[in-house]
Amino acid sequence: EAVAAEWMLEFACSCLCRHLEEQSGAEFRRWRDVAQALINGFSQIPPHQKKTVYLCQLLIRIAQGKSLGLHFENDQRISPLESALSFWTFLEKEEIKLEKLHEDIRRLIQIQIVAVYMENRYFKEAAEVLERLFTDSESDKPLRVKLATIIKTKDPYVPLLQSFSYSLLISKIKSYTEIFMKETETNFLIQEATKQVVSKGLEATAWQNRPLEVNENDKSDLETKQRFVLSIILLRDVLGQMQNCCLDVDSSLFWMYINCLLGLNNMQNVEKNGVSLPCSRKRQRWTHQEDLELKSGVREFGVGNWAKILVHGNFNNRTSVMLKDRWRTLSK
């Protein structure tokens, strides 16, 4: 159970990084809750997972950085960004090869801690947090003096705060998470999930350029969808062997090719050497639901685009020829 929890935390951390990058708030919050639950379940942090735990806690706090009413620490004076700064300090101790990026992010967090108070016109709190943030070291003195001067002006829109903005902080954090993601490509669950996806031939979903829209509420016919995915993979491989190929995925020739492939009854009718076997297809009655799917497909793609309608619809082991014949019957 402990090992599985560690795998899950690694995966949750990867999801947090990805959804922060994609600005997917709902998904980020979902994986935030998962990560927090896993972290709370640790009696003590495993040494090899300290960096993962610290990064999760950092991202959770950065995402809530402007919510002064939210508290992650027992001390109610500590804002989310000030709490984030403590975890950033922990991360800095875990690695030493990113000194410039570390320094940039540290300065941005410090500036934004003050800036958020200024934006909310909490000038007294801004002055108090300034005392907590900086030590007496000479390297901190110039920034401390500048921020103290800004607080006295009570102007949250001075050039320094605008130049070192919250959006710049998020951008720098994303740069850091990209590096983290590359370093953790050995994530066990992601590796296993990738094997599962590839083994089912679903790698074709990476063909993002094709304008294929799938309604998640549709209970699509699994066998037809699998044949479509395998067809795309086969077509991609064939095109990869052709020189000077200019076959457009939106052309009629492309869909004729897909239609031919979808005409295979199922993958059991293909021998190991790739030669298709003859298959018989029993005549089956059209259901009311299939008729509705056909009508919906015609409205969306137009009469004649039977291959597209077949791919996008929920049909019971049909071919585009069957769709055409059924439409002719319905049209009467």
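Residues numbered from 1 in each chain as written. Predicted model: local features only at pLDDT ≥ 70, side-chain atom pairs only at ≥ 80, totals over all residues. Heavy atoms only, no water.

1. Looking at the confidence of the model for the protein
The test is simple: What pLDDT reports is the predictor's confidence in each residue, on a scale of 0 through 100. Going along the chain from the N terminus, every DSSP run of H or I of four or more residues is numbered as a helix, and every run of E of two or more is numbered as a strand. Throughout, a contact is declared for two residues whenever any of their heavy atoms are within 4.5 Å.
Per-residue confidence for the protein gives a mean pLDDT of 78; residues scoring 70 or more make up 74%. Here helix 12 (residues 252-262) stands out as the least confident element of the protein, with mean pLDDT 54; helix 3 (residues 50-63) is the most confident, with 94. Every residue in residues 206-220 is under pLDDT 50, and counting partners more than four places away or in other chains gives 16 contacts. The low-confidence segment residues 264-281, where pLDDT is below 50, has 23 contacts with residues more than four positions distant or belonging to other chains.

2. Remarks on the nonpolar core
Spelled out, the test is: Residues grouped as a nonpolar core are buried Ala, Val, Leu, Ile, Met, Phe, Trp, Tyr and Cys residues, joined through side-chain atoms within 4.5 Å. Exposure is judged per residue with a 1.4 Å probe applied to protein chains only, and the accessible area is read against the type maximum: over 50% gives exposed, under 20% gives buried, and values in between give partly exposed.
Core analysis: the biggest nonpolar cluster contains 59 residues, and L55, L58, I62, V114, L147 and L169 have the highest contact counts within it. Counting residues per element, this core draws most heavily on helix 5 (residues 99-119), which supplies eleven residues. Residue contacts for I62: discarding those within four places in its chain leaves L81, A84, I109, Y166, L169 and I170. Counting residues in each nonpolar core, the second largest holds eight residues, with W286, L294, V298 and L310 among its members.

3. Brief notes about the packing of helix 5 against helix 9 (residues 166-183)
Angle between the axes and distance between the axes: these two values describe a pair of packed helices. The condition that has to hold: Only the contacting stretch of a helix is used when fitting its axis, a line to C-alpha atoms as for every element, and angles between N-to-C directions run 0 to 180 degrees. By the definition used in this description, the sense in which the near helix is turned from the far one sets the handedness, with an anticlockwise turn below a right angle giving left-handed and a clockwise turn giving right-handed. Side-chain classes are defined by residue name, with Ala, Val, Leu, Ile, Met, Phe, Trp, Tyr, Cys and Pro counting as nonpolar, Asp, Glu, Lys and Arg as charged, and the others, Gly among them, as polar.
Two elements in contact, helix 5 and helix 9, have axes separated by 10 Å at closest approach and are oriented at 145°. The handedness of the crossing between helix 5 and helix 9 is left-handed. On helix 9, the residues touching L101, H102, D104, I105, L108, I109 and Q112 of helix 5 are Y166, L168, L169, K172, I173, Y176 and I179. Of the residues assigned to the contact of helix 5 with helix 9, the class counts are ten nonpolar, two polar and two charged.

4. Some thoughts on helix 4 (residues 80-94)
Every α-helix winds through 3.6 residues per turn, so residues three or four apart in the chain are directed the same way. Where we set the bar: The length a helix should cover is 1.5 Å for every residue beyond the first.
Over its 15 residues, helix 4 extends 22 Å from the first C-alpha to the last, a length consistent with the 21 Å expected when each residue adds 1.5 Å. All of the buried residues along helix 4 are P80, L81, E82, S83, A84, L85, F87, W88, L91 and E92. On the buried face of helix 4, the contacting elements are helix 3, helix 5, helix 6 (123-133) and helix 9.

5. Looking at the packing of aromatic side chains
Spelled out, the test is: Any two rings among Phe, Tyr and Trp, with Trp reduced to its six-membered ring, count as a pair given centres within 6.5 Å; such a pair is stacked if its planes are under 30 degrees apart, edge-to-face if over 60, and tilted if neither.
According to the stated counting rule, one finds seven aromatic pairs in the structure shown. Ring geometry for F87 versus F90: centroids 5.8 Å apart, planes at 85°, classification edge-to-face. Taken together, the residues span about one helical turn, with F87 and F90 both in helix 4 at a distance of three residues. Assessed through its relative accessible area of 12%, F87 is described here as buried.

6. Topic: unusual backbone geometry
Positive phi values are uncommon outside glycine, yet R121 reaches one of about 65°. Residue K154 is not a glycine yet carries a positive backbone phi of 55°. Here K154 falls in the partly exposed class, since its relative accessible area comes to 48%.

7. Notes on the environment of A307
Looking at the element boundaries, A307 is found in helix 14 (residues 306-312). Here the alpha-carbon distance between A307 and V321, two residues 14 residues apart in the chain, equals 8.8 Å.

8. A word on the side chain of S165
The following threshold applies: Counting of polar contacts relies on pairs of N or O atoms within 3.5 Å, with two restrictions inside protein: one atom must be capable of donating a hydrogen and the other of accepting it, and residues adjacent in sequence are counted only when both atoms are side-chain atoms.
As for its placement among the helices and strands, S165 is situated in the loop between helix 8 (159-163) and helix 9. We classify S165 as buried; its relative accessible area is 17%. Here S167 takes part through its side chain, which lies 2.9 Å from a polar atom of the side chain of S165.

9. Regarding the environment of T52
Within the secondary structure, T52 sits in helix 3. In this structure T52 comes out as buried when scored by relative accessible area, which is 9%. A C-alpha to C-alpha distance of 9.2 Å links T52 and F180, two positions 128 residues apart in sequence. With residues up to four places along the chain from it excluded, the contact list for T52 reads L9, E10, C13 and F180.

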